[in-house]
Amino acid sequence: MSENHPKIYLLPNLMTAGNLFCGFTATLKILEGALLQSSNSDAAGDLFHAAIWFVLGAFVFDFLDGRLARLGGHESPFGREFDSLADIVSFGLAPALMVYRVVLQEFPRACWIIAFVYLACGALRLARFNTAAANHEAADTDDKKNFTGFPIPAAAGLIASITLFLLWLAEGEHHLGSWRFVLPPLLLFLSFMMFSRFQYPSFKALNWKTKKSIPRFLVISLILIFTVLNYEWMPAVLFLAYLLYGVFRPWLSREWRREIEEEIGEEASAETPEHAP
């Protein structure tokens, strides 16, 4: 195939298209909710709630597209760029707009700045990742095993799941009350973490061919079942645990890191990369 015609693999890019669809739909739900906020807060709350689920759905599609591409050996520059464009909509624009409308509408200038800082840091992080991948700076080390900075899909998942948890704390009400002020500092902190030098395991070795012992398989299955049964708060716990793991990871011994990451799904390796690309 000519170099002027990029390779487009069907299944991975369908997953990316699903990611983009969820991000686009979440954005529409947020805009529709914004129009109803002053006249019908309950209907607006339902739309914002639906937007949260679409952001989490985009996270699932984003998780699947890379696994399908690596499973079939179909990673490509086109897929990487398409994925980043979808990510900036689903995990950059949609969460920033959601926090802007749901949480910070009472402080127009402050909320505009906070939401834009998050969006800008997410875009810069994606650009940094794509630049490193294009230059093959981390082709066989960090890019395979670690992310430098908190990944933007996980940041969006944390924002959405925390918002879902706060709605659950409000006992089904369609507004967060004073709890909404937790989200602006979280948005700024995640903006910093996305551009930080903390190393996060990518779990790219986790795919359909990953082998697990029966006890590990049962533990992972129970965690998944428990998460589904407690969807109001368990996703927030998992995303928060991932965020904190990257912060404390440098202080863990190599053996502890290997044990934790192999338990979750990474393949064993003789050496764990220590430095960013």
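The preceding data block contains the structure.
What counts as what
Residues numbered from 1 in each chain as written. Predicted model: local features only at pLDDT ≥ 70, side-chain atom pairs only at ≥ 80, totals over all residues. Heavy atoms only, no water. Patch = residues over 30% accessible without salt bridge, like charges linked within 9 Å, V, L, I, M, F, W, Y side chains within 5 Å. Areas by Shrake-Rupley, 256 points an atom, 1.4 Å probe, with all protein chains shown as cover. Salt bridge = Lys/Arg side-chain N within 4 Å of Asp/Glu carboxyl O. Helix = DSSP H or I, 4+ residues; strand = E, 2+ residues; numbered from the N terminus. Polar contact = N/O pair within 3.5 Å; in protein donor to acceptor, adjacent residues only side chain to side chain. Contact = heavy atoms within 4.5 Å. Core = buried A, V, L, I, M, F, W, Y, C linked by side-chain atoms within 4.5 Å. Buried < 20%, exposed > 50% of the residue type's maximum accessible area, 1.4 Å probe, protein only. Axes fitted to C-alpha atoms, helices over the stretch in contact; angles between N-to-C directions. Parallel < 35°, antiparallel > 145°, perpendicular 65-115°, else oblique. Left-handed = near helix turned anticlockwise from the far one by under 90°. Nonpolar A, V, L, I, M, F, W, Y, C, P; charged D, E, K, R; others polar.

S.K.: What is the right way to read a nonpolar patch on the surface from this model?
M.R.: Residues Trp168, Leu169, Trp179 and Val182 make up a contiguous nonpolar surface patch of roughly 370 Å² in combined accessible area. By secondary structure assignment, the location of leucine 169 is in helix α6 (residues 152–169).

S.K.: Where do I start with the side chain of serine 161 in this structure?
M.R.: In this structure, serine 161 sits in helix α6. Polar side-chain contacts of serine 161 include one of 3.1 Å to the backbone oxygen of leucine 158. The contact partners of serine 161, leaving out residues within four places of it in the chain, are Leu56, Glu232, Pro235, Ala236 and Phe239.

S.K.: Hey, could you run me through the nonpolar core in this one?
M.R.: One recurring pattern in soluble globular proteins: nonpolar side chains tend to sit buried together. Residues Tyr118, Phe150, Leu190 and Tyr200 are the most contacted members of the largest nonpolar core, which totals 49 residues. Mapped onto this core, the elements with two or more residues apiece are α1 (10–36), α2 (41–71), α3 (77–102), α4 (108–134), α6, α7 (183–194) and α9 (234–248). When residues of this core are assigned to their parent elements, the largest contribution, eleven residues, is made by α6. Beyond its immediate chain neighbours, meaning those up to four positions away, tyrosine 118 contacts Phe91, Gly92, Pro95, Ala96, Ile152, Ala155, Ala156, Ile159, Leu187, Ser191 and Met194.

S.K.: It is not clear to me how the side chain of aspartate 62 should be interpreted in this structure. Could you clarify?
M.R.: Relative to the helices and strands, aspartate 62 is located in helix α2. By relative accessible area, aspartate 62 is classed as buried at 13%. Apart from residues lying up to four places away in sequence, aspartate 62 is in contact with Asn19, Asp83, Asp87, Phe91 and Pro153.

S.K.: It is not clear to me how the packing of α1 against α3 should be interpreted in this structure. Could you clarify?
M.R.: Pairs of packed helices are described in terms of their axes, by the angle between the two and the distance that separates them. Close contact between α1 and α3 brings their axes to 9 Å; oriented N to C, the two are set at 20 degrees. As judged from the angle between their axes, α1 and α3 are roughly parallel. In the packing of α1 onto α3, the handedness of the crossing is left-handed. Its residues assigned to classes, the contact of α1 with α3 shows 16 nonpolar, seven polar and three charged.

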